[in-house]
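Fold and geometry: a report
For reference, the chains in residue letters:
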2 protein chains.
Amino acid sequence: MTTLNQQIIVKSFPTGWITEDNFSLISSPIPSIKNGQVLIKNDWLSLDPYMRGRLSNAKSYAKGVEIGQVMVGGTVGTVIESLSPKFKVGDQVAGSTGWQLYAVAEDIAIRKIDTSKVPSSAHLGPIGMPGVTAWKGLIVICDPKPGETVVVDAATGAVGSVVGQLAKARGCRVVGIAGGKAKCDYAINELNLDACIDHKSPNFQDDIKAALPQGIDCLYENVGGMVFDTLLSLMNPFARIAVCGLVSEYNVEPYSYTNVRSILINRLKIQGFIVNDDQSNIPGIMKSLYEELVNGRLKYKETIAHGLENAPKALIGLLKGENFGKQLVKLS
Amino acid sequence: MTTLNQQIIVKSFPTGWITEDNFSLISSPIPSIKNGQVLIKNDWLSLDPYMRGRLSNAKSYAKGVEIGQVMVGGTVGTVIESLSPKFKVGDQVAGSTGWQLYAVAEDIAIRKIDTSKVPSSAHLGPIGMPGVTAWKGLIVICDPKPGETVVVDAATGAVGSVVGQLAKARGCRVVGIAGGKAKCDYAINELNLDACIDHKSPNFQDDIKAALPQGIDCLYENVGGMVFDTLLSLMNPFARIAVCGLVSEYNVEPYSYTNVRSILINRLKIQGFIVNDDQSNIPGIMKSLYEELVNGRLKYKETIAHGLENAPKALIGLLKGENFGKQLVKLS
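None of these values were measured; they are calculated from a predicted model.

**Some remarks on the packing of aromatic side chains**
Summed over all chains, the structure comprises ten aromatic pairs over all chains. With a centroid separation of 6.3 Å and 85° between ring planes, the pair formed by Y220 of chain B and F273 of chain B is classed as edge-to-face. Of the two residues, Y220 of chain B sits in strand β11 (residues 216-221) while F273 of chain B sits in the loop between β13 (269-272) and α8 (282-294), which places them 53 residues apart along the sequence. Residue classification places Y220 of chain B among the buried positions, given a relative accessible area of 0%. For F273 of chain B, a relative accessible area of 5% gives the class buried. An angle of 80° between the planes, with centres 5.6 Å apart, marks the rings of F228 of chain B and Y257 of chain B as edge-to-face. Pair noted here: F228 of chain B is in helix α6 (residues 225-232) and Y257 of chain B is in the loop between β12 (235-243) and α7 (262-265), with a separation of 29 residues, a long-range link. For F228 of chain B, a relative accessible area of 1% corresponds to the buried category. Exposure remark for Y257 of chain B: the relative accessible area of 0% places this residue in the buried category. Among the aromatic residues, ring-to-ring pairing joins F228, Y255 and Y257 of chain A into one connected group.

See below:
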C-alpha cells in the first residue's frame, strides 16, 4: 500500500490566539497494528473549545499535548484492519484518535457507533461528548425544575444547543445568548428557546436584563468574561451554575469579575466540571440522547471544514465564535 | 417604674463605611407585654459582619432595617416579666431583640440558654450563631477528610476560630489567615492551627503559597477581595469552597477577581450560604458545639465594648478587623 498517512502535529504553543503556524502537516507511513488493535480511516474530526487548553504548559484540567505530537481530538471513522475480536472491518467507531487520516487504536479506547438511523458525525455532536457534556451540566448539576428560568450562553454551539433543548423539554423558560442575529434567530425559531440575546450588541446589558424579568435559576456557563459577570448579577437566590467553559478567556488575559459577591448574596451553588470527571454514567446518557435525536426531539447544526489541512484554521474560527453549531472537519 | 429603655435606632444608611452618625441613641418607656410575650433585660449584644448588609437598600440575603427602627442584632438577656408559660422570671434567653436595653419578645422567637457551665455570652459566640455558621460551612458544605488542607480566613474571628478548631478535630491540616502577628500567634498557639499567614504583610502572596505546598482542598471564605482571589488560584482539583462572608468588600466598591477560571480548571464546588437558610439542623449543631465547649475542646476569645452607646463604634471596628475574637457589647 503506497498511501501515506497525513497528520497534524503541534509545532509550538501559542501565546494568546492560536495561529496556523502552531501546527505542521506531515506525511508518514500508515502504521501496522498489533493484537488488540484496529486501524481506522478517520471520516470526521471534532473541533472543540477545550483544545486551546491542551496547547499550553499552564495548569489545566488535562495534561497538554507535547510539542511534536499529533494534535488531540475526537474522531469517527471506519475500521479498515482489525486484530481485535471486538471490531470487524467496516465497523463505524468513535474515539479520540487525533488530527490524522489514519489511526491505530487499542480496542478498549474506541466504541462502536450505530449509524443506521443517524449520520456518523452526530456521534461527535448531540449524541457524543458535547451532548453528554450538556446533559451533565444541566441535568446533574443544575437540575432545573419546570417553570424555572435557565440561561445558556453559546446557545447555538454543540453543547449549548443541546442544553437549551433539554431545558425546554423539562418545562423551563430558556433564554439563550449567542453572537449575532442569525444565531439568535436559529435559537428561537429552530431550537425553540423563549428568547435569545446577542452578546455582540452594544445594548447587551439592557437586553439581557429585560429578557430576564424573573431572574436566573440555572445558568449553564460556556463563555465567561463579561457575559458571565453580567449574568452573575442576575441570579436568583439559591440558583445553580454549571461552569462548563470560559471560551472568551482562553486566548486573552483573565477577565476581572466584579459580581462575585452574588455568590454570597444569593447563596449560589457553582460547580465547574468536565465531561470525563465521572465516566460511569456516560453510556446511559448517550442512550437517552440517541433516543431524543432519533425521535426528532433534538435538532442540531454543523459547520463543516473540508480536509485535514484546514483543521487549524477551523479551530481558530471556533475559538472566535465563527462556527454555527458543531464545528467538524470532513476528512474523507 | 421610672427606668427608661435605651435604644439605638438607624438614622441613615451609610455610603461606604458606617459612621457613628448613622445611628441615634434614644430613650423611651419600657413597653408592657401581652400574652405569649416576655420582657427581657438584655445583658449582651452581639456584633456581626452581616450587620453592614442590613444598613442598605441594596439587594442582599435579608431585608434591610428601616430608617427610624431599632438596629437589629443578636442578644442574650434575662427574663424580667413573663406572660408565657414557656419562660419564667430569671430565665436566661437568647434571641434577636436588637440594640436596646429592654426588649419585648414573642416566646416563640427566643430560646432558653443553659448558663450553668458556660458564660451566657458564649451563646452569642462559639455555641451560638457564629459557631453554627462555622459548622454548616465546614462540615455540611466543605466536608473535609482527614489529611486534607483546610484554609480559613478571619481565622481568629467568632466564626473562623470555630472553623479552624473543628477542622483540626477532623484530622485536617489547617492554615489560617488573619490580620497581624498577635492574631496569627493566637491562631497557632491557642487554636492549634498548623500555620497562620498575616494578610496585612507585603509578602502575603508569597507567604500563603509557601504555607500551602499541597494546595487547598477546602476553603472557608469570610473575607473576600484580594485574599479570596489569591486563594482561588491555589485550589486543588475537586476542592470545595463555602462562602460565608466577604467582609473586606462590604464598605467598598466590589473587588475585581481575576482567578475565576480556577472554578473550571479545578472543577471547584462553591456554595454561598447563610446560617438560617436551613434551620432544621440548628438545634443539633448547637448541642454538639456545647459539648465541645464544655469538654474544653473549643477555645474562644472575646472583645468587649461596654455600654449600648458604644455599639456603633464597636461595629465600625469589627468591620475594620480591629476586634480580636467575638465582638460583644456588655449592656449591664
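**Some remarks on the nonpolar core**
In terms of nonpolar packing, the biggest core is built from 111 residues, with W99 of chain A together with W99 of chain B touching the most fellow members. Membership of the second largest hydrophobic core comes to 41 residues, among which are I127, I282, Y290 and L293 of chain B.

**Focus: the packing of helix α2 (residues 129-142) of chain B against α8 of chain B**
All names here are of chain B. Two elements in contact, α2 and α8, have axes whose closest approach is 10 Å; the angle formed by their N-to-C orientations is 100°. As judged from the angle between their axes, α2 and α8 are roughly perpendicular. Contacts between α2 and α8 involve M129, G131, V132, W135 and K136 from the first element and I282, I285, M286, S288 and L289 from the second. Each residue belonging to the contact of α2 with α8 can be placed in one class, and the counts come to seven nonpolar, two polar and one charged.

**Overview of the domain arrangement of chain A**
All names here are of chain A. Domains assigned within chain A are domain 1 (4-120 + 301-330) and domain 2 (129-276). The centre of domain 1, based on its C-alpha atoms, is set 28 Å off from the matching centre of domain 2. Buried area between domain 1 and domain 2, both sides added, is near 1200 Å², and the carbon and sulfur share of it is 62%. Here domain 1 and domain 2 share zero salt bridges between them. Here domain 1 is connected to domain 2 by four residue pairs in polar contact (both at pLDDT 80 or more). Tallied by class, the residues present in the side of domain 1 that touches domain 2 amount to six nonpolar, four polar and four charged.

**Topic: the sheet that holds β11 of chain B**
Taking strand neighbours across the sheet as the criterion, the twelve strands line up as β10(A)-β9(A)-β8(A)-β11(A)-β12(A)-β13(A)-β13(B)-β12(B)-β11(B)-β8(B)-β9(B)-β10(B) in an open arrangement whose pairing is mixed. Each edge of the open sheet is held by one strand with a lone partner, namely β10 (195-198) of chain A together with β10 (195-198) of chain B. Strand-to-strand, the axes of this sheet are offset by a mean angle of 15°, without reference to chain direction. With three bridges joining them, strand β8 (residues 149-153) of chain B and β11 of chain B adopt parallel strand pairing. Residue pairing across strands places V150 of chain B opposite C218 of chain B, the latter belonging to β11 of chain B. Along the sheet, helix α4 (residues 181-189) of chain A contacts β9 (173-178) and β10 of chain A; its crossing angle with β10 of chain A, the most-contacted strand, is approximately 170°. Strands β8, β9 (173-178) and β11 of chain B of the sheet are contacted by helix α3 (residues 160-169) of chain B, whose axis makes an angle of about 170° with β8 of chain B.

**Points about the interface of chain B and chain A**
Counting residues at the interface gives 34 residues for chain B and 35 residues for chain A. For the pair chain B and chain A, the summed buried area comes to about 2900 Å², and 61% of that belongs to carbon and sulfur atoms. The largest contributions to the chain B side of the interface with chain A come from R261, L264 and R267 of chain B, which together make up 24% of the buried area. Where R261 of chain B meets E249 of chain A, a salt bridge forms, and the shortest distance between an N and an O atom there is 3.9 Å. Where chain B touches chain A, the interface holds eight residue pairs in polar contact (both at pLDDT 80 or more). Top element by residues in the side of chain B that touches chain A is β13 of chain B. It accounts for four residues. Split into classes, the residues belonging to the side of chain B that touches chain A amount to 20 nonpolar, seven polar and seven charged. For strand β13 (residues 269-272) of chain A and β13 of chain B, the ladder comprises three bridges, and the chain directions are antiparallel. Bridging across to β13 of chain B, I270 of chain A finds its partner in I270 of chain B.

What counts and what doesn't
- Residues numbered from 1 in each chain as written.
- Chains lettered and ligands numbered in written order.
- Predicted model: local features only at pLDDT ≥ 70, side-chain atom pairs only at ≥ 80, totals over all residues.
- Heavy atoms only, no water.
- Phe/Tyr/Trp six-rings, centres within 6.5 Å; stacked < 30°, edge-to-face > 60°.
- Helix = DSSP H or I, 4+ residues; strand = E, 2+ residues; numbered from the N terminus.
- Buried < 20%, exposed > 50% of the residue type's maximum accessible area, 1.4 Å probe, protein only.
- Core = buried A, V, L, I, M, F, W, Y, C linked by side-chain atoms within 4.5 Å.
- Axes fitted to C-alpha atoms, helices over the stretch in contact; angles between N-to-C directions.
- Parallel < 35°, antiparallel > 145°, perpendicular 65-115°, else oblique.
- Contact = heavy atoms within 4.5 Å.
- Nonpolar A, V, L, I, M, F, W, Y, C, P; charged D, E, K, R; others polar.
- Domains from an automatic or database assignment.
- Buried area = accessible area lost by both parts, 1.4 Å probe.
- Salt bridge = Lys/Arg side-chain N within 4 Å of Asp/Glu carboxyl O.
- Polar contact = N/O pair within 3.5 Å; in protein donor to acceptor, adjacent residues only side chain to side chain.
- Pairing = 2+ DSSP bridges.

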